[in-house]
Amino acid sequence: MKNILLPGIAVLVLSVLVAGAIPAAPSISAMILDGQSGGAYHAWQQVTPVLKKQLEATGLFQVDVVTSPVSTGDFSNFKPDFTKYQVVISNYDAPEWPAELKASFERYMTNGGGFVAVHAADNAFPGWKAYNDMIGIGGWRGRNQNAGPLWFFKDGKLVSDNTPGAAGAHGNRLPFQLETRETEHPIMKGLPKKWMHAGDELYSKMRGPGTNMTVLATAYADPSNSGTGRDEPMLMVSTFGKGRIFHTTLGHDIPALSCVGFIATFQRGTEWAATGNVSQKVPVDFPTADKVSIRADSAAK
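The following refers to the structure shown. (Residues numbered from 1 in each chain as written. Predicted model: local features only at pLDDT ≥ 70, side-chain atom pairs only at ≥ 80, totals over all residues. Heavy atoms only, no water.)

### Overview of the overall build of the protein
Put simply, the rule is: Runs of H or I in DSSP of at least four residues are treated as helices and runs of E of at least two as strands, each being numbered from the N terminus. Note on exposure labels: buried denotes an accessible area under 20% of the residue type's maximum, exposed denotes more than 50%, and partly exposed covers the range between, all computed with a 1.4 Å probe on protein chains only. The criterion used for residue contact is that any of the two residues' heavy atoms lie within 4.5 Å. Per-residue accessibility takes into account occlusion by the displayed protein chains alone, with areas from the Shrake-Rupley method and a 1.4 Å probe.
When helices and strands are counted, the protein shows 6 helices and 11 strands. Along the first, second and third principal axes, the C-alpha atoms of the protein reach 90 × 50 × 35 Å. Sorting the 301 residues of the protein into buried and exposed places 51% on the buried side. For the protein, the share of sequence-separated contacts (at least 6 apart) that also reach a separation of at least 24 residues comes to 70%. With the model as given, the accessible surface of the protein reaches about 13,600 Å², and the carbon-plus-sulfur share is 56%.

See below:
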């Protein structure tokens, strides 16, 4: 009897060991939405594949890309089912959507959807109140004091300024230092207090309602590079109904996307928007207060 049982037990043990070695299937369903981003200025066709690759590299995300019909202007058959996804990532900057499509996205967020706005996505939809409530602050596309006050950090606190003027500015794409403001937030927990980011557009003079907005990290907009002389919001989170939003102003182009600081905060921020938690460890090659860290292979299509 013992001889008969032993082979069966061996097979069972082997099966368990093999099963344990198989990586778990991606558990978070994600949509990357693109189709336009500031005309020819933002190369969304190059950026989207990189964002997709970076999310899939975590082993957490199953990613679909949904491209809007901006080139034709015909949105009559463009009705993405947002409810299929735990999180929607926007690499999209366009002025308008049909009312039905806006309402569909608002319902998705109100009911607990996740949303991530990447870089120029905060330029989009200047006249859509709900969208601006989601992202907290935005720029360009005619935004001015009517969009809300300017927001920035002063003396370690988030403050607003109602001075009239156009929204949105940046200098040349140079490296700059970010400062973590919410060290205990799941996205930022374990990250350095200060860290360098690769050459990128440092957005400043951003306006908006600031609704339910928490600023996770800022960067000093140096006047020597057309900056405001203020600590400007770079990474933010907010809520809309039951939904969660992560907003990063970083990520203009491939060099900026190659920064480990961008990669890690994007991956962690997307997981948080989808689930409310972050399971990913801080990478060992995360940038320091005085040194940029680049992963060129992570930004290769």
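### Here's the deal with the nonpolar core
Operational definition: Throughout this description, the term nonpolar core refers to a set of buried Ala, Val, Leu, Ile, Met, Phe, Trp, Tyr and Cys residues connected via side-chain atoms within 4.5 Å.
Residues Ile89, Leu178, Leu235 and Phe262 are the most contacted members of the largest nonpolar core, which totals 42 residues. Element by element, the count of residues in this core is highest for helix α6 (residues 260-275), at 8 residues. Not counting chain neighbours up to four residues away, the residues in contact with Leu235 comprise Leu178, Met188, Trp195, Thr214, Val215, Leu216, Ala217, Phe246, His247, Thr248, Leu250 and Thr265. Residues Leu33, Leu101, Met109 and Trp128 belong to the second largest nonpolar core, which totals 28 residues.

### What to know about the side chain of His247
The cut-off we apply is this: Counting of polar contacts relies on pairs of N or O atoms within 3.5 Å, with two restrictions inside protein: one atom must be capable of donating a hydrogen and the other of accepting it, and residues adjacent in sequence are counted only when both atoms are side-chain atoms.
Mapped onto the secondary structure, His247 falls in strand β11 (residues 243-248). Among the polar contacts made by the side chain of His247, one reaches the main-chain carbonyl oxygen of Ile135 at a distance of 2.9 Å. Those residues in contact with His247, other than ones at most four positions away along the chain, are Ala117, Asp122, Ile135, Ile137, Met234, Leu235 and Met236.

### Some remarks on the pairing of β11
Heads up, the rule is: Between any two strands, pairing holds if DSSP finds at least two bridges.
Within β11, 5 of the 6 residues are buried, which leaves the element mostly enclosed by the surrounding structure. Taken together, the 5 bridges between strand β4 (residues 114-118) and β11 define a ladder with parallel strand orientation. For Gly114, the partnering residue across the bridge sits in β11 and is Arg244. Alignment of strand β10 (residues 231-240) against β11, held across 6 bridges, turns out to be antiparallel. Within β11, the position partnered with Ser238 by the bridge is Ile245.

### Considerations on unusual backbone geometry
Its identity is not glycine, yet Trp140 carries a phi of approximately 60 degrees, on the positive side. Mapped onto the fold, Trp140 is located in the loop between α4 (129-135) and β5 (150-154). Given the relative accessible area of 25%, Trp140 is considered partly exposed. At Ser226, a residue that is not glycine, the phi angle is positive and equals roughly 60 degrees.

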